[in-house]
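Close look at the chain arrangement
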Amino acid sequence: MTQYSRVSGSVGLITLKNPPVNQLSAVVRHGIVDTVQKALSDPKVKSVVICGQNGMFCGGADIKEFQTLANMRGPPLIPMIHSIEAADKPVVAAIEGGAFGGGLELALGCHYRIAHSKAKVGLPEVTLGLLPAAGGSQRLPRLIGVPAALSLITTGRHITAAEALQLGLVDQVADHNTVDAAVKFALSVAGQSLDARRISNFQCPPVPNMDALFEDVMQKVRTTARGAIAPIACVQAVRAAATLPYTQGMQREKELMATLFTSGQARALQYCFFAQRVVGRWSMPSGARWDTSKGRPIHKAAVIGLGTMGRGITVALAQTGLSVVAVETQEKQFMEAKKAVSNMLERGAKRSGKPLAHGKITYSQSLQAVADVDLVIEAVFEDMGLKKKVFQQLSAVCKPGTFLCTNTSTLDVDELASQTHQPELVVGMHFFAPAHIMKLLEVVYGPRSSPELVAVVMELGKKMGKVSVAVGNCRGFVGNRMLKPYRDQAYFLLEEGATPQLIDQALEEFGFAMGAFKVSDLSGLDVGWKVRKEEGLVQPGGGSGKSARIRNGVRYSPLGDLMCEQGRFGQKTGRGWYQYDKPGSRDARPDPWMHSFLEEYRARHGLVARRISNQEVLERCLYAMINEGFRVLEDGIAAGPEDIDIIYVFGYGWPRHRGGPMFYANMVGLEIVLERLEHYAQANPDMPTLQPCSLLRKLVASGSPPVNKWKEVIKNVRSQL
Ligand code: NAI
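Rules used in this analysis
Residues numbered from 1 in each chain as written. Predicted model: local features only at pLDDT ≥ 70, side-chain atom pairs only at ≥ 80, totals over all residues. Heavy atoms only, no water. UniProt positions renumbered as here; feature names shortened; annotations may be inferred. 1 Å grid on protein atoms, 1.4 Å probe; cavity = no way out; pocket = protein on both sides within 12 Å on 5 of 7 lines; lining within 4 Å. Points joined across faces, edges and corners; volume = space filled by probe spheres on them. Helix = DSSP H or I, 4+ residues; strand = E, 2+ residues; numbered from the N terminus. Pairing = 2+ DSSP bridges. Contact = heavy atoms within 4.5 Å. Axes fitted to C-alpha atoms, helices over the stretch in contact; angles between N-to-C directions. pLDDT = per-residue confidence, 0-100. Parallel < 35°, antiparallel > 145°, perpendicular 65-115°, else oblique. Left-handed = near helix turned anticlockwise from the far one by under 90°. Nonpolar A, V, L, I, M, F, W, Y, C, P; charged D, E, K, R; others polar. Phe/Tyr/Trp six-rings, centres within 6.5 Å; stacked < 30°, edge-to-face > 60°. Buried < 20%, exposed > 50% of the residue type's maximum accessible area, 1.4 Å probe, protein only. Domains from an automatic or database assignment. Polar contact = N/O pair within 3.5 Å; in protein donor to acceptor, adjacent residues only side chain to side chain. Near = heavy atom within 4 Å. Core = buried A, V, L, I, M, F, W, Y, C linked by side-chain atoms within 4.5 Å. Expected span 1.5 Å × (residues − 1). Arc of directions from axis to C-beta.

The name given to the chain in an unreviewed UniProt entry is Peroxisomal bifunctional enzyme, and the organism recorded there is Labrus bergylta. In the Pathway (unreviewed entry) part of its UniProt record, the chain is described as follows: "Lipid metabolism; fatty acid beta-oxidation." You can read under Subcellular location (unreviewed entry) in the UniProt record for the chain the words "Peroxisome".

Let's shift gears to empty space enclosed by the protein. Tallied over the full model, the rule gives one cavity of 30 Å³ or more. Volume-wise, the largest cavity comes out at about 40 Å³. Together, Val413, Asp414, Ala417, Pro423, Val426, Gly446, Pro447, Arg448 and Ser449 line the largest cavity. Per element, the largest residue contribution to the lining of the largest cavity is three residues, and it comes from helix H16 (residues 413-417).

With that settled, consider the sheet that holds strand S8 (residues 159-160). Taken together, three strands build an open sheet; the order of strands is S5-S7-S8 and the sheet is mixed. Of all the strands in the sheet, just strand S5 (98-100) and S8 have a single pairing partner and so form its edges. Summarising the sheet, S5 and strand S7 (residues 120-122) pair through three bridges and their orientation is parallel. From the neighbouring strand, phenylalanine 100 faces S7, where its bridge partner is glycine 122. Here helix H4 (residues 102-109) sits on the sheet and contacts S5 and S7; the angle it forms with S5, its principal contact strand, is near 100°.

Attention now goes to the confidence of the model for the chain. Looking at the chain, the pLDDT average stands at 95 and 99% of residues meet or exceed 70. Quick note on the complex model: pTM equals 0.92, ipTM equals 0.97.

Okay, the packing of helix H6 (residues 146-155) against helix H9 (residues 210-225) next. Closest axis-to-axis distance for the H6/H9 pair is 12 Å, and the angle between their directions is 15°. In terms of orientation, H6 lies roughly parallel with respect to H9. Crossing handedness for the pair H6 and H9: right-handed. Residues Val146, Pro147, Leu150 and Thr154 of H6 form the contact with H9, whose own contacting residues are Leu213, Phe214, Val217 and Val221. Its residues placed into classes, the contact of H6 with H9 shows seven nonpolar, one polar and no charged.

It is worth spelling out the packing of aromatic side chains at this point. As enumerated under the stated definition, the model contains 18 aromatic pairs in all. A centroid spacing of 5.7 Å and a plane angle of 45° characterise the contact between tyrosine 486 and phenylalanine 512, whose relative ring orientation is tilted. One end of the pair, tyrosine 486, is in helix H18 (residues 479-496); the other, phenylalanine 512, is in the loop between helix H19 (500-510) and helix H20 (516-523), with 26 residues separating them in the sequence. Owing to a relative accessible area of 4%, tyrosine 486 belongs among the buried residues under this scheme. Judged by relative accessible area, which is 4%, phenylalanine 512 ranks as buried. Relative to tryptophan 654, the ring of phenylalanine 510 has its centre 5.2 Å away and its plane inclined at 75°; by these criteria the two rings are edge-to-face. Remark: tryptophan 654 occurs in the loop between helix H25 (641-651) and helix H26 (661-668) and phenylalanine 510 occurs in helix H19; sequence separation between them is 144 residues. Residue classification places phenylalanine 510 among the buried residues on the basis of a relative accessible area of 3%.

Turning our eyes to something else, we now look at the domain arrangement of the chain. Its domain assignment divides the chain into domain 1 (2-261), domain 2 (293-477) and domain 3 (498-604). On a C-alpha basis, the centroid separation for the pair domain 1 and domain 2 is 44 Å.

Position of serine 188 relative to the elements: it lies in helix H8 (residues 178-189). Serine 188 sits in the partly exposed class, given a relative accessible area of 46%. Taking the C-alpha atoms as reference points, serine 188 and serine 47, 141 residues apart in sequence, are found 9.3 Å from one another. Within the structure, serine 188 has its side chain in polar contact with the backbone oxygen of phenylalanine 185 (distance 2.6 Å).

A word on the UniProt feature "domain: 3-hydroxyacyl-CoA dehydrogenase C-terminal" (unreviewed entry) in the chain. What UniProt calls "domain: 3-hydroxyacyl-CoA dehydrogenase C-terminal" (unreviewed entry) maps, in this numbering, to residues 476-580 and 617-709. This span, residues 476-580, is 51% helix and 4% strand, and a straight line between its end C-alpha atoms measures 30 Å. The annotated region residues 617-709 carries 63% helix and 0% strand content, and the separation between its end C-alpha atoms amounts to 29 Å.

Once that is clear, we can look at the side chain of glutamine 579. Mapped onto the fold, glutamine 579 is located in the loop between helix H22 (559-565) and helix H23 (592-604). Judged by relative accessible area, which is 14%, glutamine 579 ranks as buried. Side-chain polar atoms of glutamine 579 contact the backbone oxygen of proline 590, separated by 3.1 Å. Here glutamine 579 is in contact with Gly574, Asp587, Ala588, Arg589, Pro590, Asp591 and Pro592, once residues within four sequence places are set aside.

Taking strand neighbours across the sheet as the criterion, the eight strands line up as S12-S11-S10-S13-S14-S15-S16-S17 in an open arrangement whose pairing is mixed. The sheet is open, and its two borders are formed by strand S12 (361-364) and strand S17 (467-472), each paired with just one other strand. Geometrically, the sheet is characterised by an average inter-axis angle of 25° between neighbouring strands, direction not taken into account. As defined by bridge partners, strand S13 (residues 375-378) adjoins strand S14 (residues 403-406) across four bridges and the pair is classed as parallel. Paired with leucine 375 across the two strands is phenylalanine 403, which belongs to S14. Across the sheet, H25 is in contact with strand S16 (440-445) and S17; its angle to S17 comes to roughly 130°.

Take the side chain of aspartate 591 next. Along the chain, the position of aspartate 591 falls in the loop between H22 and H23. A residue is classified by how much of its surface remains accessible, and aspartate 591, at 11% relative accessible area, is buried. Of note is the side chain of aspartate 591, whose polar atom sits 2.6 Å from the side chain of arginine 568. Residue contacts for aspartate 591: discarding those within four places in its chain leaves Arg568, Arg575, Tyr578 and Gln579.

The subject of this paragraph is the site of the ligand. In the vicinity of the ligand there are 23 residues, among which Glu328, Gln333, Glu382, Lys387 and Ser409 approach most closely. In this structure, threonine 308 approaches the ligand through a main-chain N or O atom, which is 2.9 Å from an oxygen atom. Side-chain polar atom of glutamine 333 to an oxygen atom of the ligand: 2.6 Å apart, as the coordinates give it. Every element with two or more residues in the shell around the ligand is listed here: helix H13 (308-318), helix H15 (384-397) and strand S15 (426-431). The element contributing the most residues to the shell around the ligand is H15, with three residues. Residue classes in the shell around the ligand are distributed as ten nonpolar, ten polar and three charged.

What follows is about the nonpolar core. Judged by nonpolar contacts, the single largest core of 110 residues is most densely connected at Val370, Trp577 and Phe630. Here this core gets ten residues from one element, more than from any other, and that element is helix H24 (residues 614-634). Setting aside anything within four residues of it in sequence, one finds tryptophan 577 in contact with Tyr491, Leu494, Pro500, Phe517, Ser520, Asp521, Leu525, Leu559, Gly560, Met563 and Met594.

Compared with an ideal rise of 1.5 Å per residue, which puts 14 residues at 20 Å, H15 spans 20 Å between its outermost C-alpha atoms and is within 8% of the ideal. For H15, the complete set of buried residues consists of Met384, Lys387, Val390, Phe391, Leu394, Ser395 and Val397. Taken around the axis of H15, the buried residues stretch over an arc of 165°, which confines them to a single face. Those residues of H15 that are buried lie in contact with strand S10 (300-304), S13, S14, H16 and S15. Capping the start of H15 is the job of one residue whose side-chain oxygen sits 2.9 Å from the backbone nitrogen of glycine 385: aspartate 383.

Written out as structure tokens, the structure is:
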């Protein structure tokens, strides 16, 4: 796991060998301690170079060890790094690929750092709910100053070798063989005094108005952290570096880390890290899997319908280097879309520093233009009749074997597939707005979809930088299906006495990016209204009394319909659940009109307002959503809880530090979720979504196993169906 050799006569070369990223697992730490000892005690060795095999310095701690006590077995990282720093021979870190987390902390313990020009460095611990606790929070500010260290440690962002050089984080950047450059460098500094090279001896560079700086940063971090505690602990640790001697700072780092380590947030964030990998290993109920299904290359794709979604999808495809045919039938939309796509591409190129992808796109107003493409993504209006027609046309126009995908957010993918000659070549590709930015892609397969197509689309998602999750076909798929009971509860709570602000505040304090009503104003109340009208659910004027709030025996809130009747569509009309300065403005302000509207509504429906607590908001909205999540699992629509959680974290603003709805249910305790659902279901017999799902009951009866063991219970439940 660690190789040692003497090179160029007097340089001890230590190579970390632990694929894939040379993580600092217990054996590697053992190896480092032993080989450093060897190098320091060998009189022929005058200096030391530490590098990693396969072009990667070190990806940091082995996260798997966090979950076990294994990391207690090997030598601890802090004394290991201290002994390197205290060495009387110069130690040079040769950073190829990357030095992240513990890997960068190891490099900071070395006396010199040489990085390859393509290497990146960073301290991403905060993204796992932790802080750089092997001296990183104490050494980095001493080396590069407090503001730069705060920026790196509180965000976990990775920086390029060029930026690292500018900040003084590395001493030299090499364009070619970094290890050779480091060995040469090590030879040149052999025998030199190391007093000025031990970072722990440095004073933090002074900062004017330090208190004000920390106050300002803390305020910003609190706002963006949305309840996550690690970024706050990171600021506190850097403050310790700036104000305390090194040993006391290290003590503070240790205390803060202990708090974070035992917090549920670190567990949730680490769960997300692994869950993201789990969803990449997709499977279908037919038994088809990621490792046995092979896709085929896509060279040319098409997008049909250049509205909000089609424009973003065109950009996302073009940015992967694919040729894209973009089709829009309405003249006005066609002209606007061309301009909008071009602007989006330019902004994207500026952000990423990558070349513009304009030349990759051809525009057309005719569907005939897609005859020779390999894959089509349809993004026309959410109208089954229209989509069916488009799929019939595509099936006639496209060459045989063309993959046909729909971006529908709720409609039946199988019904669309049945309009084509090759229904096995049809899947849903459910993007989220804005499609070129949002990370999530729900890949919706039907019973006839070919595994080859799922493999193709999952791969294409990866190329577009998406987190793709393969799910089964049902109304709303996973994300929107679970969102419905959550939203319904928010409406019912309004009827019962809450206000949009009260509900949104409870949800935002929980950590959601936006509360349910702000989201509704953003996406437009008219979208759901149109669907409800088509389904025959809307009664003009909303009716009165209890019967007006029941549809098909189930509780229904006409509040959204009444808002739409008043022209309150949300941000786009400047009025919705909130008021806005002008149409299109985003700054939501409580609207006093809502108060009289709700009072009048309650009076008409014989409802008496009561005080609604934050706890009730969270329990009813979240547990209703979670309950639907259990149904999704029971129905086999999602392969496991990880799929649901990743969909919610990446597509629906669920706070990552709470791990996703299913992980959260497990953290709260499944028996508690069950008990609260039973309580609310009893009080509201007309809300079947609050009736606990049988899978939840089974899991509780099986002793509430941890999330990663649910699949076994699900398998048993499904085999009994
Ligand atoms: P949109 O109304 O902004 O755009 C639809 C576009 O399709 C319009 O430009 C229209 O002229 C064009 N179109 C209509 N018939 C056409 C045809 N036969 N050939 C070519 N173009 C045609 O709609 P939006 O919001 O982009 O939605 C499109 C699809 O994406 C819908 O199925 C929607 O449910 C889904 N979706 C929407 C999301 C959103 O946030 N807006 C999120 C995820 C999915």
